[in-house]
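Chain and residue survey
As a plain string of letters, each chain reads:
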Amino acid sequence: MNSLVCISKTPETTAKISFNDNNSQFDTEGVQFIMNPYDEWYALVRALEAKEQHGGEVTVINVGPASNDVVIRKALAIGADKAVRVDTEANDAFQVASEIANYAKTGNFDLIYLGKETIDYNGAELGAMIAELLDIAYISFASKMEVDGNVAKIERDIEGGIEVVEVQTPFVISAAKGLAEQRIPNMRGIMMAKRKPLEVVPSSSVQAKVSVKEYKLPEMKSGVKLVDPDNMDELVRLLSEEAKVI
Amino acid sequence: MPNIFSSIENIRFNIFELHKIQDILNSEYYQDHDEESLDMVLSSVMDVAEKDMYPVFREMDEKPAYYEDGKVIIHPAVDKMLKIATDNGWLGSHFDYDDGGSRVPMMLSGAASYIMACANNNVGGYIGLTAGAANLIITFGTQELKDLYVPKMLSGDWTGTMALTEPQAGSSLSDITTKAIPQEDGSYKIVGQKIFISGGDGPNVDNIIHLTLARIEGAPAGTKGISLFVVPKNRISADGSLEDNDVITAGDFQKMGQKGYSTVHLSYGEKNNCHGWMVGVENRGLAHMFQMMNGARLDVGLTAAGVATAAYYHSLQYAKERPQGRKLSKDGTKDVSQQQTTIINHPDVRRMLLLQKSVIEGAFSLITECYKLEDQERILEGEAKEEAHLLLELLTPMAKTYPAEMGQVAITNGLQIYGGYGFCTEFPLQQYYRDIRIMSLYEGTTGIQSLDLLGRKVTMQNGRAMQILTQRISETMAASASYDDLKPYAAKLQAKLEMVQEVMTYLLPFAMKGDYEKYLADASIFMQMASNIVIAWQWLKMGVAAKEILLTKSKVGLASSFYESKIETMKYYYKYELPKVDACKEILTNPEDVTLSKSAEANILFS
């Protein structure tokens, strides 16, 4: 079973977010970047499990500049066999999806994995776009998968419960919590990662369709109010009149 | 949410920017590693520290290791961590490939241990001692011993300990009496008692390998008659199975801190059926053991720095959140109609936080310096190698003692920031306060480290190590001369260095005329003085590195405020800590004898 795993680079979850150029550019000074956790913890690890169970090869793909190689190497250290980076600065999800779909057409992938969303822009658009561009099925928010031959039985998280679906390969799957358990790269994997192939391919010159004009940060939350434990009336008044939660 | 026990940014700064691990990676020996891959190791360790170690830190204190039916029961998190450490290749990662390691530089391996110590200081000892014991067998043992023991230890199937102390022989190892009786098959029967054996029982493993000091029958008295033995809890039969080796856990020690880390009393050969196998050369056991002890001393310093680091980040968070009191207005009054301010805005609280920050970051920098010297000792040749060795020898007692002693002061200040809550078991500072107390006791008390520093290290090779240290400090001062605002701090450091020279000029004649008791009477004060200056050197180094980065912007990974905070903390250290050197000098050069027995017998002093 050959898998393609799409990985993104996102700011570390504790990074302080600020913008420049009239709030149209994300300011990266002092920001540490990581692999998008949904891609790493669930999508990549499930692909590795599938390889361990059924054989095949796991390829990771990223669309971005050379500075993204750090997270790509981590994917290789965790266990991916090889990596591809499409060398371009993408500006919207369509551009990224098109680059990945164009690359996927050149290979023979049974499954294309990605996280259910990235933790920075939370678009959750990519999976559907890739599937559409490749004209294959798309299963989103998957929290469990069993594969038997070329048929996969998948549990999806839906509002208030679980939906169980069946699908034939090839298909695109977006990974939610539960699909796999996080793996950390071990020493051997880290040292091997440097020797695994990381192919850099040129962009297929797809143009973005959407451009960002401005980012707005949420309003600052008001400070904490401490209420004397003997003054429960005041606590009830605050919850009722100010917080409006009761 | 960032974790509350450490800072990956500060660790990265130390390893990559301040102490420049790239210098080490440029060597042929370490060529298989690069900064990117080593950073990945740090991130992995931090992941595990956050998910598996810190969450059980309080619980391991509340449910201590205990003795029952001849064995010690410990928290299951230890077994889980041992498995994680071995599965991921962390245990013994600094060993050579042929010995089952990954040739990871000690700088990196030390940083990984530091993260674990910050997260939960009850756990790292089991891993560190197993690696240390395996390393002793690798260095001094026969191939047969290596093949029998090391793979099982690195796989985590077996753990290791160091067994030195006996009921009558603690700091004075020359008085150990555990016997080793030669047998025809080349083994030795071991009979004796060992106490305070950290990790001596508890992990759910098939075997525990005790690297044990004992005296072969007829050996010379004192340290020159001590040999080193591998004494497994279960010995390996001819068919490879394990059989009981008559090493009994006679009990455990219930302690004020580090309660999750077992500390046991071992009894060897009660049925006259305990066998050991000699490691290295007969009667050179203590010298061999010093390899493990020196490593363990750095480990203890590192752990102390880790415990104090965690305490600092807890108290910092508390100070940012706790509203109490109001800022004074210009006329010196408070406006009670205004909202209270958080206590981090009070200068005295800031002073206590800066004290902690200066201690923990200074200590971690010094220990990283030591690990770099250890790496350099491995890759350099000739005079440069010898210099690295001598400087490491000189710095090791300080790298053990400063974090252990000043870490206590730092945590006391952290606890103070919590006010009365700091005294309550509901809050974590009291646990850190108790946990760190052992650090100045085990692996050589502060008194022993101080005697080692002044009695052996300062004087070895006619003061060569001190000359090398002075040279290195001078190089940092020269580098600081590029920045006008750092020059005053370099000048202050130079003045304190000259005080050390004055002290040595006063003290050395006592040693030269054989009055060693007088020479060494205030060794602990000398330790305070020397450590203070060495940490000031580290802070000037940090100041220079921060300046360079701020001016060149050669790295963009960390925010400018991170580097500015380094310079501000350096200023704190030079204003509040470095002046204490003057008091040490006054004590050390004061001719009045107060503690020496010849001037005042104990019964007069304490009537």
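Presented here is a report on the structure given in the accompanying data block. (Residues numbered from 1 in each chain as written. Chains lettered and ligands numbered in written order. Predicted model: local features only at pLDDT ≥ 70, side-chain atom pairs only at ≥ 80, totals over all residues. Heavy atoms only, no water.)

**Overview of the overall build of chain A**
When its secondary structure is counted, chain A shows 6 helices and 13 strands. Overall size of chain A, expressed as C-alpha extent along the three principal axes, is 65 × 45 × 40 Å. Here the analysis covers contacts within chain A between residues at least 6 apart in sequence; of these, 70% occur between residues at least 24 apart. Accessible area of chain A: about 13,300 Å², with a carbon and sulfur share of 48%. (Helix = DSSP H or I, 4+ residues; strand = E, 2+ residues; numbered from the N terminus. Contact = heavy atoms within 4.5 Å. Areas by Shrake-Rupley, 256 points an atom, 1.4 Å probe, with all protein chains shown as cover.)

**Here's the deal with the environment of methionine 398 of chain B**
Residues and elements named next belong to chain B. Examined against the element boundaries, methionine 398 turns out to sit in helix 11 (residues 382–417). Taking the C-alpha atoms as reference, methionine 398 lies 7.8 Å from leucine 453; in sequence the two are 55 residues apart. Look past the residues within four positions of methionine 398 in its chain and what remains in contact with it is Leu366, Pro403, Leu453, Met527, Ala530, Ser531 and Val534.

**Some words on unusual backbone geometry**
The general pattern is negative phi for most residues beyond glycine and trans for most peptide bonds. Proline 170 of chain A follows threonine 169 of chain A through a cis peptide bond whose omega is 0°. The topology assignment puts proline 170 of chain A in the loop between strand 11 (161–168) and strand 12 (171–175). The backbone phi angle of asparagine 23 of chain A is positive, close to 60°, even though this residue is not glycine. When you line up the elements, asparagine 23 of chain A lands in the loop between strand 3 (19–20) and strand 4 (25–26). A positive phi angle, near 60°, is found at aspartate 246 of chain B, a position not held by glycine. Residue position: aspartate 246 of chain B is located in the loop between strand 9 (242–244) and strand 10 (247–252).

**Digging into the interface of chain A and chain B**
With 21 residues of chain A in contact, the opposing surface of chain B contributes 30 residues. Summing both sides of the interface, chain A and chain B together bury roughly 2,100 Å²; the carbon and sulfur share of this comes to 59%. At the junction of chain A with chain B, the criterion picks out 1 salt bridge. In this structure, the salt-bridge partner of aspartate 34 of chain B is lysine 194 of chain A, at a minimum N-O distance of 3.9 Å. Along the contact surface separating chain A from chain B lie 5 residue pairs in polar contact (both at pLDDT 80 or more). Residue contributions to the side of chain A that touches chain B peak at 5 residues, all from helix 2 (residues 69–78) of chain A. (Buried area = accessible area lost by both parts, 1.4 Å probe. Salt bridge = Lys/Arg side-chain N within 4 Å of Asp/Glu carboxyl O. Polar contact = N/O pair within 3.5 Å; in protein donor to acceptor, adjacent residues only side chain to side chain.)

**What about the packing of helix 11 of chain B against helix 14 (residues 464–480) of chain B?**
Residues and elements named next belong to chain B. Between helix 11 and helix 14, whose axes approach to 9 Å, the crossing angle comes to 95°. In terms of orientation, helix 11 and helix 14 fall into the roughly perpendicular class. Contacts from Glu383, Glu387, Leu390, Leu391, Leu394 and Leu395 in helix 11 reach Arg464, Ala465, Met466, Ile468, Leu469 and Arg472 in helix 14. Looking at the contact of helix 11 with helix 14, its residues break down into 8 nonpolar, no polar and 4 charged. (Axes fitted to C-alpha atoms, helices over the stretch in contact; angles between N-to-C directions. Parallel < 35°, antiparallel > 145°, perpendicular 65-115°, else oblique. Nonpolar A, V, L, I, M, F, W, Y, C, P; charged D, E, K, R; others polar.)

**So, the pairing of strand 11 (residues 263–268) of chain B**
All names here are of chain B. A large share of strand 11 lies buried, amounting to 5 of its 6 residues. Here strand 5 (residues 188–198) runs beside strand 11; their pairing, made up of 5 bridges, is antiparallel. When the sheet's bridge partners are listed, glutamine 193 is paired in strand 11 with serine 267. Summarising the sheet, strand 10 and strand 11 pair through 5 bridges and their orientation is antiparallel. Across the sheet, the residue bridging to isoleucine 248 is serine 267, located in strand 11. (Buried < 20%, exposed > 50% of the residue type's maximum accessible area, 1.4 Å probe, protein only. Pairing = 2+ DSSP bridges.)

**Quick look at the packing of helix 1 (residues 8–18) of chain B against helix 18 (residues 560–577) of chain B**
Angle between the axes and distance between the axes are the two parameters that describe a pair of packed helices. Residues and elements named next belong to chain B. Two elements in contact, helix 1 and helix 18, have axes whose closest approach is 12 Å; the angle formed by their N-to-C orientations is 80°. Classed by the angle they form, the pair helix 1 and helix 18 counts as roughly perpendicular. Along its contact with helix 1, which presents Glu9, Asn10, Phe13 and Glu17, the element helix 18 presents Phe562, Tyr563 and Lys566. Of the residues belonging to the contact of helix 1 with helix 18, the class tally is 3 nonpolar, 1 polar and 3 charged.

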